[in-house]
Every structure is written in structure tokens, then in C-alpha cells.
Amino acid sequence: LLAWLTDDSWALTFTRRADGTGPLDVSQGFLFDTIPEGAAPVLFSGGLDSGVGLATHLTTAGAVAVSVDTNNWMQHVQERVLREMNAVSRHACVPLRYRVSTRGQKHAAESSQRSRGLLFLAAGIATAWTLRHDRLQVFENGIGAVNLPYVHSQFGSQAAKAMHPRTLHMAQALASAVSGRPFRIDAPGMTATKAQLIRRAPAAADRALAGTVSCDTGFSARVPRHAPCGTCTSCILRRQALHAAGKAHLDAEAGYRASSPEKSVQFQVMLWQVSRLRDCLGQPDPWRALVSEYPELLD
């Protein structure tokens, strides 16, 4: 799993913890007793996909939103979106946050975050077990999850695979092996586009969804009000999806640093991908053409 996510070779060693030093002792475990029975563990990043998926889920059942944050702004966004979603949802959502930091570590030179998918899934799986669940839900549209490269020079771990179908398959196999029980990771948006997911969300959640952040630098950029750039591929896909879903008013509220992405390199490479996909789908054998153009699909 780590090799697939990072393109590195890994050697892992394990040591046994001292007796009685489990991750949840008596003084902490009671916190989970306050969670409503039947609330399902779900991953929540603060992004649009996870927000839409959670809003849709809360129309039928409660949830425990498992979030991992690395800075105060990310924490603020996640908490604000969940607070606004709870105010309009039929069922309750309990936030459960994990703070992660590499500051002060001797070997913190790695900055690519290639293995973040394993970190997020591990937090979700461990939380699910603590809640006595053997199932975790993740909300990602299929286009973003498969994340085909935009240019030929982008290969391997240069295209993020955090929620890729193969990643989820290996993570649930790992969880099943560790616990000795079948574990399942559900991805209900895997066969949908971002716009299709947005259309499923209740209109009452619009205010909460407008506050989600999709920008590649939206949580880390040191700019006034942490405004999203509006020109990275994540911003462009978000903007396109909101317009395609008939939610252009949510796009208008974002306050992007750039009013139009038209002249950005990211916009040009996305248009090129659209052209390549259209050519493949117009062939007599579309699947053969697709895997010839994008061998990554065979993963």
C-alpha cells in the first residue's frame, strides 16, 4: 500500500507496546459513549466532495465526522462547515478531530504528503473499530479518485492516489487482516462526477458547502482571508462542477484571488485532457483507446 502511494520501497518493523498502554485508556474511552447509537464513521476533510457526501448522508442517518488537520485554519474550516451543517441537518453529526504535525521532528524533510491517504484512512479505520464498526465511508467523486494525469510527464505518485479505488481496496484488506474480521470501505460517489454529487446534496446545506475549501493551497496560503487561488486544477474542477450542477451562486461566494482561470497553465492542461478523452470515447472501441492513452486505468 505504501509503495503504491509513494513509489518508494519500504521496510517496516513492529514493536510490542508495554502492557496497559493502549491508545484509549479508561479516562478517554468514555468519550465514545456520548456518540449516538448507529452514527456511522465517515472521513471529512473540509473539501467540497466530503461536504456534499456528508450532507447527503445526514438526510438519512447520523455520522461521526473523522477529520485530520495540520493547521489552525484547516481546523477552523472543518469546524465551521460541520457546525453549519448540523444546524440544518435532520440527523446529528459528531466531529472527531486529529491534529497532525511534523514540526520538531528530526527527519521532517519530506513535504510531498504522498502517503496522506494512508494517514486519513488509518484514522478513520481506527475510529470505526473504537465505535465497534467494521465499515468506513469516504466521499470522493470518481473522476477525482482515479485522478488521471493531465500531462504525460505526470506519472506514478505525481498524481495523488489518496482515495483511488485500488488504495481503498488495499486499505480495507489491510484492516481486515489486522482485525481478523471483514472490513469495508464504502465510496458511494465513485461512479459519479463532482457535479452529480453536488446535485444530490440538500439545498439546505448550501451555506455549509459554500464554506468548504478545495484549493491546493487553500489551507496553507498566507493571503488575506486564506482566499482560494481560483486557478489550480482543484479550484477549476470545483468551479466547473458547481456551474454544471446549477449552483453557480456558491462559486460566486468563494472570493478567489483570480477572477478567471482562462490564462492559467492548469486550465490549458485540463482542456487538453478533455480533448484526449473525447477522442478516445469517439473511437470504435472506446475502452481500448482509453487504456492505450491512459495505461493507469489498468490499475
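Student: Is there a simple way to think about the packing of aromatic side chains in this case?
Tutor: Working definition: an aromatic ring pair is given by the centre-to-centre distance plus the angle between the planes. Under the criterion given, the structure shown has 1 aromatic pair. For the pair tryptophan 129 and phenylalanine 183, a centre-to-centre distance of 6.2 Å together with 80° between the ring planes defines the contact as edge-to-face. Taken together, the residues span a long stretch of sequence, with tryptophan 129 in helix α5 (residues 116–130) and phenylalanine 183 in the loop between α7 (165–179) and β5 (184–186) at a distance of 54 residues. Classification of tryptophan 129 as partly exposed rests on a relative accessible area of 27%. Here the guanidinium or amino end of lysine 161 rests over the ring plane of tryptophan 4, the centre of that ring lying 4.0 Å away. One cation-aromatic arrangement involves arginine 276 over tryptophan 272; the distance from NZ or CZ to the ring centre is 4.4 Å.

Student: I would appreciate a short explanation of the side chain of glutamine 75 in the present structure.
Tutor: In this fold, glutamine 75 is placed in helix α4 (residues 72–88). Glutamine 75 gets classed as buried once you look at its relative accessible area, which sits at 17%. With residues up to four places along the chain from it excluded, the contact list for glutamine 75 reads Asp69, Arg97 and Arg99.

Student: Before we go on, may I ask you to explain the packing of α5 against α7 in this structure?
Tutor: Two quantities define a packed helix pair, namely the angle between the axes and the distance from one axis to the other. The N-to-C vectors of α5 and α7 enclose an angle of 40°; their axes lie 11 Å apart at closest approach. With respect to α7, the element α5 is oriented oblique. α7 is crossed by α5, and the crossing has right-handed handedness. Mapping the contact onto sequence places Leu121, Ile125 and Trp129 in α5 and Thr167, Leu168, Ala171, Ala175, Val178 and Ser179 in α7. Residues of the contact of α5 with α7, tallied by class, amount to 7 nonpolar, 2 polar and no charged.

Student: Which parts of the structure should I look at to understand the state of the cysteines?
Tutor: Each disulfide is one covalent bond, formed between the sulfur atoms of two cysteines. If you walk through the whole model with that rule in mind, you get 0 disulfides. Cysteine cysteine 235 is unpaired, with the sulfur of cysteine 232 as its nearest cysteine sulfur at 3.7 Å.

Cut-offs and rules
Residues numbered from 1 in each chain as written. Predicted model: local features only at pLDDT ≥ 70, side-chain atom pairs only at ≥ 80, totals over all residues. Heavy atoms only, no water. Phe/Tyr/Trp six-rings, centres within 6.5 Å; stacked < 30°, edge-to-face > 60°. Helix = DSSP H or I, 4+ residues; strand = E, 2+ residues; numbered from the N terminus. Buried < 20%, exposed > 50% of the residue type's maximum accessible area, 1.4 Å probe, protein only. Lys NZ or Arg CZ within 6 Å of the ring centre and 35° of its normal. Contact = heavy atoms within 4.5 Å. Axes fitted to C-alpha atoms, helices over the stretch in contact; angles between N-to-C directions. Parallel < 35°, antiparallel > 145°, perpendicular 65-115°, else oblique. Left-handed = near helix turned anticlockwise from the far one by under 90°. Nonpolar A, V, L, I, M, F, W, Y, C, P; charged D, E, K, R; others polar. Disulfide = S-S within 2.5 Å.

These results come straight from atomic positions and should not be treated as a statement about function.
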